[in-house]
Amino acid sequence: MRAWRVMKHGEPQDALTLVEDAATPEPGPGQLRLAVSHAGVGLPDLLMCRDAYMLTPALPFTPGQEVVGTVTAAGEGTRHAVGDRVMAISAFFLQHGSFAEACLALDDFALPVPDTMPGPVAAGFVIPAHTAWVGLVQRGALRAGETLLVLGASGGTGSVAASLGKALGARVIATAGGSEKAAFVESLGVDVVIDHRRQGIAEAVREATDGRGVDIVYDPVGGDAFTAATRCIAREGRLLLIGFASGRWGEPRPPHMVERNYSVIGVMPNGYDRKFKEDAHAALLEHWSAGRLQIPIHEIFPFERVPDAIGVLAERGAQGKIVVEVAPA
């Protein structure tokens, strides 16, 4: 089979090599082998190329965390059968990610794909949507009528969180960098868009909330954006740590947290049991089917251009989710 392998660490164009005769992986207990249809591209894929991600496997390996495909083999103890079409998280940490014609996937995080859902949408659904659900619903306890600030709302993660926030009944304030990205975020139906290149985040949020601040912050950016958010969070607010697209995590300041009486909460959609994931998935699919939840697609790249697809993230050019088409429908 063909597979993109990270043979050395560096930028995607230098790190990745297309191997034409890679061995087809065999699933172990709790694993599935998928014939890959589409693969989602995320920041961890770029960081793994650079050896800057905590779950980077040993060289050589195939990156790609997000996948939609058809089960071709099932390991012991799995619930899926050959022929099932699923969206899943790959076993990238075992060197068999989704930028390949076949990959290994975790049966515990392999979920059904509606017949009406296109492959590219399914490829970009699991991680952004389930992370947003765990953050906003499970960890953040978002209530209808509250005000939500989504940082980096033009990216694949932030755009889905902004859309889900609206679906859950929040007033959504969203940030983006530059007029083009701001226009994209506005198209998601949010209530207020802040172009952080033209105005300060904290000042704009306070103006938009009559000085009160926001109840919840969804932060996949970190760095200076996190610091700005701490200056405009309401008392008893919840600041959700999702990621560090800026290159560094936000740095909580306990004295400020105590003084302002807000919480900083870590968010990751793993560690939950099968029933939790299935229930969350059902709720998310209901919002998607009703047109309330959007999974915006920035661009669909052919399999031969995986390094270019990951490179868009390095250039911070994405507006929505980047997807690779591995096997044309």
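Attention in this report is confined to the structure presented alongside it. Because the structure is predicted, anything quoted here is derived from the model rather than measured.

What follows is about unusual backbone geometry. Leu59 connects to Pro60 through a cis peptide bond whose omega is -15°. Following the sequence through the fold, Pro60 ends up in the loop between α2 (43-49) and β4 (66-74). The residue Asp51 is not glycine, and still its phi comes out positive at about 60°. Phi at Asp210 is positive, roughly 55°, even though this residue is not glycine. Inspection of the secondary structure assignment puts Asp210 in the loop between α7 (201-208) and β10 (214-219). Relative accessible area serves as the criterion here: at 77%, Asp210 is assigned to the exposed category.

Buried residues dominate strand β14 (residues 321-325), accounting for four of its five residues. Note: strand β3 (residues 31-41) against β14, four bridges, orientation antiparallel. Residue pairing in the sheet places Ala39 in a bridge with Val324 of β14. Alignment of strand β13 (residues 297-302) against β14, held across five bridges, turns out to be parallel. Along β14, the bridge assignment pairs Ile297 with Lys321. A crossover connection joins β13 to the parallel β14 through helix α11 (residues 306-314); in handedness this β-α-β unit is right-handed.

What follows concerns the packing of helix α4 (residues 126-139) against helix α10 (residues 274-289). Where α4 contacts α10, the axes come no closer than 10 Å and their chain directions differ by 100°. Classified by the interaxial angle, the pair formed by α4 and α10 is roughly perpendicular. Of the residues in α10, those touching α4 at Ala129, His130, Trp133, Val134 and Gln138 are Phe276, Lys277, Ala280, His281, Ala283, Leu284 and His287.

Moving on, we come to the side chain of Asp45. When you line up the elements, Asp45 lands in helix α2. Although Asp45 is buried, it forms no salt bridge, and the closest oppositely charged side chain is Lys321 at an N-O distance of 6.6 Å. Engagement of the side chain of Asp45 in a polar contact is seen with the backbone nitrogen of Gly64, the distance being 3.0 Å. If near-sequence neighbours (up to four positions away) are discounted, Asp45 is found in contact with Gly40, Pro63, Gly64, Gln65, Phe99 and Ile310.

What follows is about the pattern of salt bridges. Counting across every chain of the model gives 16 salt bridges. Of the charged contacts, one joins Glu101 and Arg2 as a salt bridge, the two residues approaching to 3.2 Å between their closest N and O atoms. With Glu101 in the loop between β5 (85-90) and β6 (102-112) and Arg2 in the segment before β1 (3-6), the pair connects residues that are 99 residues apart, well separated along the chain. Among the residues examined, Glu101 registers a relative accessible area of 32% and is labelled partly exposed. When the shortest N-O distance is used, the salt bridge between Asp224 and Arg248 registers 2.6 Å. Taken as a pair, Asp224 in helix α8 (residues 223-230) and Arg248 in the loop between β11 (233-241) and α9 (254-260) lie far apart in primary sequence, 24 residues in all.

Moving on, we come to the nonpolar core. Ranked by internal contacts, the top residues of the largest apolar core, which has 50 residues, are Met117, Phe125 and Tyr218. Contact partners of Tyr218, with chain neighbours within four places excluded, come to Thr131, Ala132, Leu136, Leu148, Leu149, Val150, Leu151, Thr157, Ala161, Leu240 and Ile242. In terms of nonpolar packing, the next biggest core, distinct from the first, is built from 35 residues, Leu16, Met48, Cys49 and Val67 among them.

How each quantity is defined
Residue numbers restart at each chain and count upward from 1, following the sequence in its written direction. Reporting of local features is limited, given that this is a predicted model, to residues whose pLDDT is at least 70; pairs of side-chain atoms are given and counted only at 80 or more, and all residues count toward the totals for whole chains, interfaces and linings. Heavy atoms throughout the structure, all of them, feed into the side-chain values; hydrogens and water do not. The helix count covers DSSP runs of H or I at least four residues long, the strand count covers runs of E at least two residues long, and both are numbered beginning at the N terminus. Classification of residues uses two cut-offs on accessible area relative to the type maximum, computed with a 1.4 Å probe and protein chains only: under 20% is buried, over 50% is exposed, and between them is partly exposed. By definition, two strands form a pair when at least two bridges between them are found by DSSP. Orient the strands so they point away from the viewer, and a crossover whose first-strand-to-second-strand path over the helix runs clockwise is right-handed. The angle between two axes is taken between their N-to-C directions and runs from 0 to 180 degrees, where each axis is a line fitted to C-alpha atoms and a helix contributes only its stretch in contact. Roughly parallel means an angle under 35 degrees; roughly antiparallel means over 145; roughly perpendicular covers 65 to 115; every other angle is labelled oblique. Contacts: residue pairs with any heavy atoms within 4.5 Å of one another. Think of it this way: Lys and Arg go in the positive column, Asp and Glu in the negative one, and His and the chain ends go nowhere. Every case where a carboxyl oxygen of Asp or Glu lies within 4 Å of a side-chain nitrogen of Lys or Arg is listed as a salt bridge. Distance and chemistry together define a polar contact, namely a pair of N or O atoms within 3.5 Å, with one atom able to donate a hydrogen and the other to accept it when in protein, and with adjacent residues in sequence counting only for side-chain atoms on both sides. Grouping buried Ala, Val, Leu, Ile, Met, Phe, Trp, Tyr and Cys residues that are joined through side-chain atoms within 4.5 Å yields what is termed a nonpolar core.

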